[in-house]
Amino acid sequence: MTLWSPLVAEDYTNALRDHVRQHITPHAFVIDRDDIYPVDIVKELARSGLSTITLPEKYGGGGKGFSYGVTLLEEVGYGSASAAICLITIFQASTIMNLFGQASLKDRYLPLFRQGLLSSYALTEANHGSDIRSLDTKAVRDGDDWVLTGEKQFVTGGVAAELFVILAETDVGVSAFAVPGDAAGLHRYIGERSATFGLRNGPHVNVRLDGVRVPADHLIGVEGKGVRQAVTTLNYSRTLAAGVSLGIARAAFDGALKHAKERVAFDSKIVEFQGIQWYFAEMLTRIDAARLLVYRAADALTTGEEIARYGSEAKLMASTLATEVASRAVGICGVYGVTAESPFGRYLRDAKAYEVGGGSVEILKNTIGKHLTRDLV
Ligand SMILES: Cc1cc2nc3c(=O)[nH]c(=O)nc-3n(C[C@H](O)[C@H](O)[C@H](O)COP(=O)(O)OP(=O)(O)OC[C@H]3O[C@@H](n4cnc5c(N)ncnc54)[C@H](O)[C@@H]3O)c2cc1C
């Protein structure tokens with residue numbers, strides 16, 4: 001498929017595609033089947049400067065616009081959405097620190113991302129999923145430290161994380177904290193029912209905080225503004241997640257088209273049946289349209305224009321499209337789309353899981369609705 005990649009140097013995209021083809025795609029089946037965190041893949045993407053492509057150069061980043069980040073997630077997502085979601089949690093942690101953290105916190109942690117620091121983003125609790133306006137995890141000030149107590153769940157990448165960004169409630173509201181993975185009192189474990197059927201990159205973990213102490217500057221940004229900070233950061237990660245979904249849709253499309261050009265039924269290649277061609281025509285048109293929207297959202301992150309609206313539109317469009325394309329691809333490939341060895345079941349499971357994680361389709365529609373009604377009193 002010819003791909004239009006606005007605002008991104010062609011060399012970058014081509015090199016990335018080669019890297020994914022050689023080093024990521026061959027491992028996608030096993031990562032998914034065995035539900036493992038691909039440490040080597042993620043560390044290598046960091047060492048080659050890719051997972052910090054959007055961080056400022058003074059912290060060792062590439063200093064590029066978010067179109068570069070979206071291209072990274074789209075191409076890695078094409079090879080393995082499970083590997084891509086590892087990068088999303090790293091982007092989330094580095095982005096919230098970069099946008100809101102104190103200078104001392106940024107100086108301490110941001111350069112470590114270039115060296116491969118693995119991080120996770122822990123918002124969800126047993127009683128708080130979409131609604132994080134109040135939380136059961138608490139943080140209290142004690143001298144020069146903050147002390148955190150509570151439990152998080154469904155933490156992606158938590159099996160390997162060396163740093164967690166954790167939302168906890170203080171006296172004045174929800175606040176965000178940076179918490180080292182080896183902090184005393186931090187326990188991670190694989191909770192009951194924490195394995196998911198899609199986006200499998202090591203079972204999600206629960207993180208229990210038994211009076212975990214962090215220094216004062218590990219409060220990220222302003223106390224009580226954690227929800228706003230987390231939502232702003234989610235606007236960034238939603239756009240990147242839309243890139244992952246776009247990658248899944250493209251992979252399913254390409255795989256199905258290849259099969260349809262090879263498979264013969266009733267003396268014809270199945271792609272020669274008009275009904276099958278129409279499926280591909282519709283999918284290609286919608287993938288092209290989704291790409292325009294996703295890169296529009298990426299550009300908005302660079303210009304700062306209506307990021308909540310565009311990020312939500314992009315993830316809504318790309319995540320639902322990926323599920324539809326993956327589902328159609330299974331049908332086009334017949335039993336070869338259904339076998340356990342084929343990648344189509346993985347595409348379908350990953351696509352559906354990304355309709356929930358990182359902002360469900362309903363919450364995205366609420367955000368777009370809020371944008372439409374913001375002038376009402
Ligand atoms: C693959 C995956 C990875 C994840 N990784 C992480 C992670 O790394 N860190 C983390 O903290 N969490 C993570 N989560 C959890 C995720 O953030 C939550 O699943 C999500 O916030 C939704 O919360 P919930 O599942 O509790 O659903 P609920 O909040 O219980 O919602 C249930 C349903 O109601 C809908 N709903 C809720 N509120 C509204 C409303 N106001 N209007 C309309 N509909 C509404 C939802 O869209 C959903 O359909 C992950 C989830 C998945 C699937």
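Values in this document were obtained by computation on a predicted structure and should not be read as measured data.

Participant: Go over the domain arrangement of the protein chain, please, and point to the residues and values.
Facilitator: Domain boundaries assigned for the protein chain yield domain 1 (10-114), domain 2 (119-224) and domain 3 (227-373). Put simply, the middle of domain 1 and the middle of domain 3, counted by C-alpha atoms, are 20 Å apart. Each side of the interface is counted separately: domain 1 has 23 residues, and domain 3 has 25 residues. For the side of domain 1 that touches domain 3, the secondary-structure elements that each account for two or more residues are helix H1 (10-34), helix H3 (66-79) and helix H4 (81-100). Considering only residue class, the side of domain 1 that touches domain 3 consists of 14 nonpolar, six polar and three charged.

Participant: Explain the nonpolar core to me, and be specific about the residues and the numbers.
Facilitator: Judged by nonpolar contacts, the single largest core of 119 residues is most densely connected at Leu87, Phe177, Ala252, Val294, Ala326 and Ala329. At 15 residues, helix H6 (residues 226-262) tops the list of elements feeding residues into this core. Leaving out residues up to four positions away in the same chain, Val294 has contacts with Val70, Thr239, Ala242, Gly243, Leu246, Ala314 and Ala318.

Participant: Outline H1, listing residues and values.
Facilitator: Spanning 25 residues, H1 covers 34 Å between terminal C-alpha atoms, matching the ideal 36 Å at 1.5 Å per step. Ile24 marks the point of greatest bend in H1, at about 45°, and the proline Pro26 comes within the next four residues. Within H1, burial applies to Leu16, Val20, Ile24, Ala28, Ile31 and Asp32. Summarising the contacts, the buried residues of H1 are in contact with helix H2 (39-47), H3, H4 and helix H10 (344-353). Phi for Asp35, located one or two positions after H1, is positive at around 55°.

Participant: Break down the pairing of strand S2 (residues 138-142) for me, with residues and values.
Facilitator: Bridge analysis of S2 against strand S3 (residues 145-155) gives five bridges, and the strand direction is antiparallel. When the sheet's bridge partners are listed, Val140 is paired in S3 with Val147. Count of turn residues in the S2/S3 antiparallel hairpin: two residues, of which Gly143 carries a positive phi of about 60°.

Participant: Provide a residue-level description of the site of the ligand, including the pertinent values.
Facilitator: As a matter of local geometry, the ligand sits amid 20 residues, with Gly129, Ser130, Thr156, Gly357 and Ser360 nearest to it. In terms of residue class, the shell around the ligand is built from nine nonpolar, ten polar and one charged. Per-domain counts for the shell around the ligand show at least three residues from each of domain 2 (119-224) and domain 3 (227-373).

Participant: Now, about the environment of Gly173: what can you tell me, with residues and values included?
Facilitator: By secondary structure assignment, the location of Gly173 is in strand S5 (residues 173-180). Taking the number of C-beta atoms within 10 Å as the measure of exposure, Gly173 has 16 and is therefore partly exposed. For Gly173 and Ala241, which are 68 residues apart along the polypeptide, the C-alpha to C-alpha distance reads 28 Å.

Conventions used here
- Residues numbered from 1 in each chain as written.
- Predicted model: local features only at pLDDT ≥ 70, side-chain atom pairs only at ≥ 80, totals over all residues.
- Domains from an automatic or database assignment.
- Contact = placed C-beta atoms within 7 Å.
- Helix = DSSP H or I, 4+ residues; strand = E, 2+ residues; numbered from the N terminus.
- Nonpolar A, V, L, I, M, F, W, Y, C, P; charged D, E, K, R; others polar.
- Core = buried A, V, L, I, M, F, W, Y, C linked by C-beta atoms within 7 Å.
- Buried ≥ 20, exposed ≤ 12 C-beta atoms within 10 Å, placed from the backbone.
- Expected span 1.5 Å × (residues − 1).
- Bend = angle between axes of the 7 residues up to and from the residue.
- Pairing = 2+ DSSP bridges.
- Near = placed C-beta within 6 Å.

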